[in-house]
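For reference, the chains in residue letters:
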Amino acid sequence: MSFGSAANTCIDPPVAADDFRAAMREFAAGVTVVTTFSKDGKRGLTATAVCSLSAEPSTLLACINRSSDGYKAICESGFFCVNVLAAEQSEVASRFAGRDGIRGESRFDLGDWENMRTGAPALADALAVFDCRTAGTLDWGSHTIFIGSVVAARVQPGRPGLVYRAGSFYGA
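Notes on the structure follow. Residue numbers restart at each chain and count upward from 1, following the sequence in its written direction. Selection of residues for local features in this predicted model requires a pLDDT of at least 70, selection of side-chain atom pairs for listing and counting requires 80 or more, and totals for whole chains, interfaces and linings are taken over all residues. The basis for every side-chain value is the complete set of non-hydrogen atoms in the structure, without hydrogens or water.

## What to know about the nonpolar core
In step 1: L85, V92 and W113 are the most contacted members of the largest nonpolar core, which has 19 residues in total.
In step 2: To qualify as a helix, a DSSP run of H or I must reach at least 4 residues; to qualify as a strand, a run of E must reach at least 2; elements of each kind are numbered from the N terminus. Mapped by element, the contributors of at least two residues to this core are β6 (79–84), α3 (90–96) and β8 (121–123).
In step 3: With three residues, the single largest contributor to this core is α3.
In step 4: Throughout, a contact is declared for two residues whenever any of their heavy atoms are within 4.5 Å. If near-sequence neighbours (up to four positions away) are discounted, V92 is found in contact with V33, T46, L85, L110, W113 and L123.
In step 5: Nine residue types can take part in a nonpolar core, namely buried Ala, Val, Leu, Ile, Met, Phe, Trp, Tyr and Cys, and a core is a set of them joined through side-chain atoms within 4.5 Å. Note on classification: 1.4 Å probe, protein chains only; a residue is buried when its accessible area is under 20% of the maximum for its type, exposed when over 50%, partly exposed between these limits. Counting residues in hydrophobic clusters, the runner-up holds twelve residues, among them I64, Y71, V82 and F146.

Here it is, written out as structure tokens:
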């Protein structure tokens, strides 16, 4: 299957953006913070559109809005870290979603951060961490799909995960 332009992939017109957003708000998704390090310092953002792509080779997808804080840094650095959040980390999710107005490197004042193999910041007590090098990208609409080749991973299971649905965070 190949990707064409958005204009010629469907015969029927797409659903209205407001209707699509309303329906997608009902889709519960795990919450991550995607981080990187570039010449401008540490950057990160909250993302729910992250999933595995392949176990061999170990790769994942992260869909990032091109207007988000950190997008440019991910493009420039060529690497990123996906931090899977636990239920008690909703404050971290809100911070990196920009809900408190804090942007840039100041977002990392909340939480205990360490550097992964690529240099990307990782939340020390995240449920799981995937350290990735960018293996490919695909621009689509307002987002870029980053394909991450996983160069390191760690897990700290045993706690409920953080889920986003209908504009709110929940423990699951």
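Further notes follow.
## Quick look at the sheet that holds strand β5 (residues 58–65)
In step 1: The strand order across the open sheet built from seven strands is β3-β2-β6-β9-β10-β5-β4, with neighbouring strands paired in antiparallel fashion. Both edges of this open sheet fall to β3 (41–47) and β4 (50–55), since each of them pairs with a single strand only. This sheet shows a mean twist of 30° between the axes of neighbouring strands, independent of strand direction.
In step 2: Each pair of strands is called paired provided DSSP finds at least two bridges between the two strands. Pairing geometry for β4 and β5, over five bridges, is antiparallel. Paired with V50 across the strands is A62, a residue of β5. Only C-alpha atoms enter the line fits that serve as axes; for helices the fit covers just the stretch in contact. Angles between N-to-C directions range over 0 to 180 degrees.

## Describing the packing of aromatic side chains
Pairs of aromatic rings are described using the distance from one ring centre to the other and the angle between the two planes.
In step 1: Any two rings among Phe, Tyr and Trp, with Trp reduced to its six-membered ring, count as a pair given centres within 6.5 Å; such a pair is stacked if its planes are under 30 degrees apart, edge-to-face if over 60, and tilted if neither. Enumeration according to the criterion identifies six aromatic pairs in this entry.
In step 2: For the ring pair F96 and F108, a centre distance of 5.0 Å and an interplane angle of 80° mean the geometry is edge-to-face. Taken as a pair, F96 in helix α3 and F108 in the loop between α3 and β7 (113–115) lie far apart in primary sequence, twelve residues in all. For the pair F96 and F108, one class covers both residues: buried.

## What to know about a nonpolar patch on the surface
In step 1: A contiguous nonpolar surface patch, about 430 Å² in accessible area, is contributed by V15, F20, M24 and F27.
In step 2: Within the element layout of this structure, F27 appears in the loop between α1 (17–24) and β1 (29–30).
In step 3: A residue is classified by how much of its surface remains accessible, and F27, at 54% relative accessible area, is exposed. Exposure above 30% relative accessible area and no salt bridge define the residues that can form patches, which grow by joining like charges within 9 Å and nonpolar side chains of Val, Leu, Ile, Met, Phe, Trp and Tyr within 5 Å. A 1.4 Å probe and the Shrake-Rupley method give the accessible areas. Residues count as covered only by the protein chains that appear here. Salt bridges are defined as contacts in which a side-chain nitrogen from Lys or Arg sits within 4 Å of a carboxyl oxygen from Asp or Glu.

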